[in-house]
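Residue-level structure breakdown
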Amino acid sequence: MAGLSCGIVGLPNVGKSTLFNALTAKVAEASNYPFCTIDPNVGVVPLEDDRLDKLSAISGSEKIISATTQLVDIAGLVKGASKGEGLGNKFLSNIRDTDAIVHLVRCFEDPNVVHVAGEIDPIDDIEVINTELVLADLQTAEKATERLEKQSKGNKDLLPTLDLMRRASEHLNGNEPIRIMQLTDDEKELIRPYQFLTQKKVLYVANVSEDSLPEMENEYVQKVREYAQKEGSGMLSICAKLEEEIAQLEKEERGDFLESIGLTESGLQRLAKASFEMLGLITYLTTGEKETRAWTIHVGDTAVKAAGKIHGDIEKGFIRAEVVSFDDMVLHGGRVAAKEQGKLRSEGRDYVVHDGDVILFLHN
């Protein structure tokens, strides 16, 4: 199962399918017309992590299993999607099933690729999509309010949720996303079951042409960056066309190719890392003869919760976690030598796991 699921959204012809082809090396039909992606294409992208190769070499592992990001290519939304325009509600429900939104924005001129609105205006493009998501959420909030008004007459416990739905409706009526609403921890719990689309975190991705390499900067990119900062969202630039070319190369050739155009890592890796960071995710590592593996958990997760990622039985029968930092594993050449040097720690169930911890769980 993927550690994280991101829905790639954007207007038609902004480069979503091109990006998807590149990121997953799985070909989604990329054509110069809207709606060429009818069903949401899903691909699982491994997060490159040099630490796994180093641990695998120490342990003589048979295989390496990376952390993953699941990317869902959601067909181009258009104005009126919340009312069923274009391919409307079907795609709004596809977004609902993802953990976060990657919002791809066209930041390049190309007379050969039609723009759905006839001109390049990244902020207008962003607002078309965001407005549709707000309108879809407003429908959700208003329906919930109606239902809660009836139910709360016989159940006063529902009044705080009713009040929250009224506030959410008012907030959405101002064309503001739920993610910038001021909510207490209790209110966050109350609102979670409603799965508001605009509650999801967003990473804005400016898609530039090869003319903008290697800086990936232009006037459109700057506008997207300012918009994202104002909203408190993340942002990065990529060239989807270039990523598609990189995906065709053998893994060994990619580093040299990137270096030749002045880049240090692919857009895939920057996007995967930014997605992890956006959702507060980290990885801890396990290693042995059978496999070396990265496990995805949230920042602040405890040892017992991390154990549950491997298997529920390990969580239930948890005794302790033997933890060595990745640096100490490499420095001393393995767990046994690290232990001899006093670098292995025995931690209890409430230990907060850190990114890069190499853990062996002891359990009943």
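With that out of the way, let us pick up the packing of helix H8 (residues 240-248) against helix H9 (residues 251-260). Contact geometry for H8 and H9: axes closest at 9 Å, N-to-C directions at 145°. Between H8 and H9, the contacting residues are Leu242, Glu245, Ile246 and Ala247 on the first element and Arg254, Phe257 and Leu258 on the second. Taken together, the residues of the contact of H8 with H9 sort by class into five nonpolar, no polar and two charged.

Our focus in this paragraph is the packing of aromatic side chains. A full pass over the atoms with the stated rule returns five aromatic pairs. Judged by centre distance (6.4 Å) and plane angle (15°), the rings of tyrosine 284 and tryptophan 295 are stacked. Of this pair, tyrosine 284 sits in strand E8 (residues 281-287) while tryptophan 295 sits in strand E9 (residues 291-298), and the two are 11 residues apart along the sequence. Accessibility classification places tyrosine 284 together with tryptophan 295 in one group, the buried group.

Locating aspartate 73 in the fold gives a position in strand E4 (residues 68-73). The exposure class of aspartate 73 is buried, given its relative accessible area of 0%. Sequence separation between aspartate 73 and asparagine 41 is 32 residues; the distance between their C-alpha atoms is 5.1 Å. Reaching out from aspartate 73, the side chain makes a polar contact with the side chain of serine 17 at a distance of 3.2 Å.

There is a patch of like negative charges on the surface, built from Glu250, Glu252, Glu253, Asp256 and Glu259. Relative to the helices and strands, glutamate 259 is located in helix H9.

This next bit is on the environment of glutamate 217. With respect to the secondary-structure elements, glutamate 217 resides in the loop between strand E6 (202-207) and helix H7 (219-231). In this structure glutamate 217 comes out as partly exposed when scored by relative accessible area, which is 36%. For glutamate 217, the residues in contact, after removing those within four places along its chain, are Ser212, Gln222 and Arg225. In terms of polar contacts, glutamate 217 uses its side chain to reach the side chain of arginine 225, at 2.6 Å.

Our focus in this paragraph is the packing of helix H4 (residues 122-151) against helix H5 (residues 159-173). As a packed pair, H4 and H5 sit with axes 9 Å apart at the nearest point and diverge in direction by 150°. Comparing the axis directions of H4 and H5 gives the class roughly antiparallel. Both H4 and H5 take part in a crossing whose hand is left-handed. Two secondary-structure elements touch here, H4 through Val134, Asp137, Leu138, Ala141, Glu142, Ala144, Thr145, Leu148 and Glu149 and H5 through Thr161, Leu162, Met165, Arg166, Ser169, Leu172 and Asn173. Residues of the contact of H4 with H5, tallied by class, amount to eight nonpolar, four polar and four charged.

This part takes up the sheet that holds strand E7 (residues 234-238). The six strands lie next to each other as E2-E4-E1-E5-E6-E7, forming an open sheet whose pairing is mixed. Where the open sheet ends on each side, the last strands, each with one partner, are strand E2 (41-46) and E7. The mean inter-strand angle of the sheet, taken between neighbouring strand axes irrespective of direction, is 25°. Where strand E1 (residues 5-9) meets E4, four bridges bridge the pair, whose relative direction is parallel. Within the sheet, the bridge partner assigned to cysteine 6 lies in E4 and is leucine 71. Set on the sheet, H7 makes contact with strand E5 (100-106), E6 and E7; between it and E7 the angle comes to about 160°.

Calculation rules
Residues numbered from 1 in each chain as written. Predicted model: local features only at pLDDT ≥ 70, side-chain atom pairs only at ≥ 80, totals over all residues. Heavy atoms only, no water. Axes fitted to C-alpha atoms, helices over the stretch in contact; angles between N-to-C directions. Helix = DSSP H or I, 4+ residues; strand = E, 2+ residues; numbered from the N terminus. Contact = heavy atoms within 4.5 Å. Nonpolar A, V, L, I, M, F, W, Y, C, P; charged D, E, K, R; others polar. Phe/Tyr/Trp six-rings, centres within 6.5 Å; stacked < 30°, edge-to-face > 60°. Buried < 20%, exposed > 50% of the residue type's maximum accessible area, 1.4 Å probe, protein only. Polar contact = N/O pair within 3.5 Å; in protein donor to acceptor, adjacent residues only side chain to side chain. Patch = residues over 30% accessible without salt bridge, like charges linked within 9 Å, V, L, I, M, F, W, Y side chains within 5 Å. Areas by Shrake-Rupley, 256 points an atom, 1.4 Å probe, with all protein chains shown as cover. Salt bridge = Lys/Arg side-chain N within 4 Å of Asp/Glu carboxyl O. Lys, Arg positive; Asp, Glu negative; His and termini not counted. Charge placed at Lys NZ, Arg CZ, Asp CG, Glu CD. Parallel < 35°, antiparallel > 145°, perpendicular 65-115°, else oblique. Left-handed = near helix turned anticlockwise from the far one by under 90°. Pairing = 2+ DSSP bridges.

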